[in-house]
Amino acid sequence: MLADVSALLACPQCGDGLDPVERTLVCSRGHSFDIARQGYVTLLTGTATKFTGDSPEMIAARCDFLDAGHFDPLMAAVSDAVVQSTPDDVAPRVLEVGAGTGHYLARVLDASSPSAQGIGLDVSKPAARRLARAHPRAAAVVADVWRQLPVLGGVLTHVLSIFAPRNAAEIDRVLAEDGVLVVLTPTDRHLYELVELLGMVRVDDRKVERLGETMAGRFERDHRTPVEVTMMLSRRDVDHLVGMGPSARHLSAERRAEAIGALPEPFPVTASVVVSTYRRASTSR
Ligand SMILES: C[S@@+](CC[C@H](N)C(=O)[O-])C[C@H]1O[C@@H](n2cnc3c(N)ncnc32)[C@H](O)[C@@H]1O
Ligand SMILES: [Zn+2]
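The following refers to the structure shown. These numbers were taken from a predicted model, which means no experiment stands behind them.

## Some points on the coordination of the zinc ion (ligand 2)
Working reference: metal with six octahedral donors, ideal angles 90 or 180 degrees; metal with four tetrahedral donors, ideal angle 109.5 degrees. Bound to the zinc ion (ligand 2) on the protein side are C11 (SG), C14 (SG), C27 (SG) and H31 (ND1), at distances that span 2.1 to 2.3 Å. Coordination geometry of the zinc ion (ligand 2): the 4 donor atoms subtend angles of 103 to 118° at the metal centre, consistent with an arrangement described as tetrahedral. In primary sequence terms, the donor set of the zinc ion (ligand 2) follows C-x2-C-x12-C-x3-H. Of the residues examined, C14 reaches a relative accessible area of 23% and is grouped as partly exposed.

Put into structure tokens, the structure is as follows:
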């Protein structure tokens, strides 16, 4: 719930803390942000963001696919990374950037102490609507990861970036001194069967390398867990998987239906990712 995590949030205009007052969050200087009927708050500044994030169709497809459980091993690796990097007497305070439907954040909160708290941040309003229902201890915030994050400095134990953009400088600001960044990135084998078959957008082979570069100087990698599984997918699952990614925007509906209709059932598809944990260069061990 928003009211529970509002002590972690910051006004996007002046950076002060926010307090819940009826159906709004208000800072000490009087900047006020309405809590939407669906339970999320938009913490964007005046200038419009050029990002719109995932569409309602992409979010619905993602929700259906994640509910079917095929990415459970990926979620387990992320929640293990958080649990293993949390000291016994600490309740995690977790921000997921580009949180989408909030499935990963909910899994992390379920696996952590009952007083763990979460913030799911996404620039997409359809995502925020789902996020607001993802977990009783998670709050949903609409914001742009490429701007100042609407979170107070040094208050978080963990930041998650799962198949999502990340802004190292801001993550550095909001993490506590011994905070941990958990990043899930696809390898070049991720969904390769569909890349070949449907011309889905190929994962940039240098993405993992570039990640290392952008973190350079701020964070050092602590652990690296490769996860690779073969998922046995129905045509419906494949349709959701294609629909939840950027290929949905490039592939015509006819071409997609035709290609998926011709697949054997079940169809084996590889999920291949790396879950990495990073700590500040000065505190990594
Ligand atoms: C591939 S999805 C991953 C969602 C979720 N982490 C998961 O793995 O299920 C990427 C998410 O990042 C969001 N996103 C893209 N650009 C963003 C931005 N500039 N600021 C915040 N979120 C953004 C999209 O709306 C989308 O929900
Ligand atoms: Zn303010």
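## As for the sheet that holds strand β9 (residues 175–186)
What the 8 strands build is an open sheet, ordered β4-β7-β6-β5-β8-β9-β11-β10; its pairing is mixed. In the strand order of this sheet, the two ends are held by β4 (40–42) and β10 (219–233), each with one partner. On average, adjacent strands in this sheet sit at an angle of 20° to one another, irrespective of strand direction. Relative to strand β6 (residues 117–122), strand β5 (residues 93–97) runs parallel, the two being bridged by 5 bridges. Paired with R93 across the bridge in β6 is Q117.

## Brief notes about the packing of aromatic side chains
Scanning the model with the defined rule gives 2 aromatic pairs in all. An angle of 80° between the planes, with centres 5.0 Å apart, marks the rings of F65 and F71 as edge-to-face. Overall, F65 belongs to the buried group, its relative accessible area being 0%. Assessed through its relative accessible area of 2%, F71 is described here as buried. Measuring from centroid to centroid gives 6.0 Å for F71 and F163, while their planes differ by 25°, and the two rings are stacked. Here F71 is found in the loop between α2 (56–67) and α3 (72–84), whereas its partner F163 is found in the loop between β8 (156–162) and α6 (168–174), with 92 residues between them in sequence. Aromatic rings pair up to connect F65, F71 and F163 into one cluster.

## Examining the sheet that holds strand β1 (residues 18–21)
If you walk across this open sheet you meet the 3 strands as β1-β2-β3, and the pairing is antiparallel. At either end of the open sheet lies a strand with only one pairing partner, and these are β1 and β3 (32–34). Neighbour-to-neighbour, the strand axes of this sheet turn through a mean angle of 25°, independent of strand direction. Both β1 and strand β2 (residues 24–27) contribute to a ladder of 4 bridges, which runs antiparallel. For P20, the partnering residue across the bridge sits in β2 and is L25.

## Digging into the pattern of salt bridges
Throughout the structure, instances matching the rule amount to 9 salt bridges. We note a salt bridge from E265 to R235, for which the minimum N-O separation is 3.9 Å. Here E265, found in the loop between α11 (253–261) and β11 (267–280), pairs with R235, found in helix α9 (residues 235–243); they are 30 residues apart in sequence, far enough to count as distant. For E265, a relative accessible area of 46% corresponds to the partly exposed category.

## Considering α2
Counted at 1.5 Å a residue, the expected span for α2 with its 12 residues is 16 Å, and the 16 Å between its end C-alpha atoms agrees. Here α2 has its buried residues at M58, I59, A61, R62, C63, F65 and L66. Trailing α2 by a residue or two, G69 shows a phi angle of about 90°, which is positive.

## Some words on the site of ligand 1
Around ligand 1 there are 20 residues in total, and D54, E96, D122, D144 and I162 lie nearest to it. The separation between an oxygen atom of ligand 1 and a polar side-chain atom of D122 is 2.6 Å. Taking I162, its main chain carries an N or O atom lying 2.9 Å from a nitrogen atom of ligand 1.

Cut-off values and rules
Throughout, residues of each chain are indexed from 1 in the direction in which the sequence is written. The order in which chains are written sets their letters, starting at A; the order in which ligands are written sets their numbers, starting at 1. Only residues with pLDDT of at least 70 get local features here, since the model is predicted, and only at 80 or more are side-chain atom pairs given and counted; chain-wide, interface and lining totals rely on the full set of residues. The basis for every side-chain value is the complete set of non-hydrogen atoms in the structure, without hydrogens or water. Donor atoms: N, O and S within 2.8 Å of the metal, or within 3.2 Å for Na, K and Ca. Because water is excluded, sites can look incomplete. Irregular is the default label, applied whenever a site is not tetrahedral (four donors, all angles between 85 and 135 degrees) and neither square planar nor octahedral (four or six donors, opposite donors over 155 degrees apart, all other angles between 65 and 115). For each residue, the accessible area found with a 1.4 Å probe, counting protein chains only, is set against the maximum for its type, and the residue is called buried under 20%, exposed over 50%, and partly exposed in between. Here, any two strands with at least 2 DSSP bridges between them count as paired. Under the DSSP-based scheme used, a helix requires at least four consecutive residues in state H or I and a strand at least two consecutive residues in state E, with every element numbered from the N terminus. Think of each axis as a best-fit line through the C-alpha atoms, taken over the contacting stretch in the case of a helix, with angles from 0 to 180 degrees between the N-to-C directions. Here a Phe, Tyr or Trp ring, Trp counted by its six-membered ring, pairs with any other such ring whose centre lies within 6.5 Å, and the pair is stacked when the planes are under 30 degrees apart, edge-to-face when over 60, and tilted otherwise. Any Lys or Arg side-chain nitrogen found within 4 Å of a carboxyl oxygen on Asp or Glu counts as a salt bridge. Here the expected span of a helix is defined as 1.5 Å times the quantity of residues minus one. One heavy atom suffices: a residue is near a molecule or strand as soon as one of its heavy atoms comes within 4 Å of it. Any N or O atom pair separated by 3.5 Å or less is treated as a polar contact, with the protein-specific requirement of one donor-capable and one acceptor-capable atom, and with residues adjacent in sequence counted only for side-chain atom pairs.

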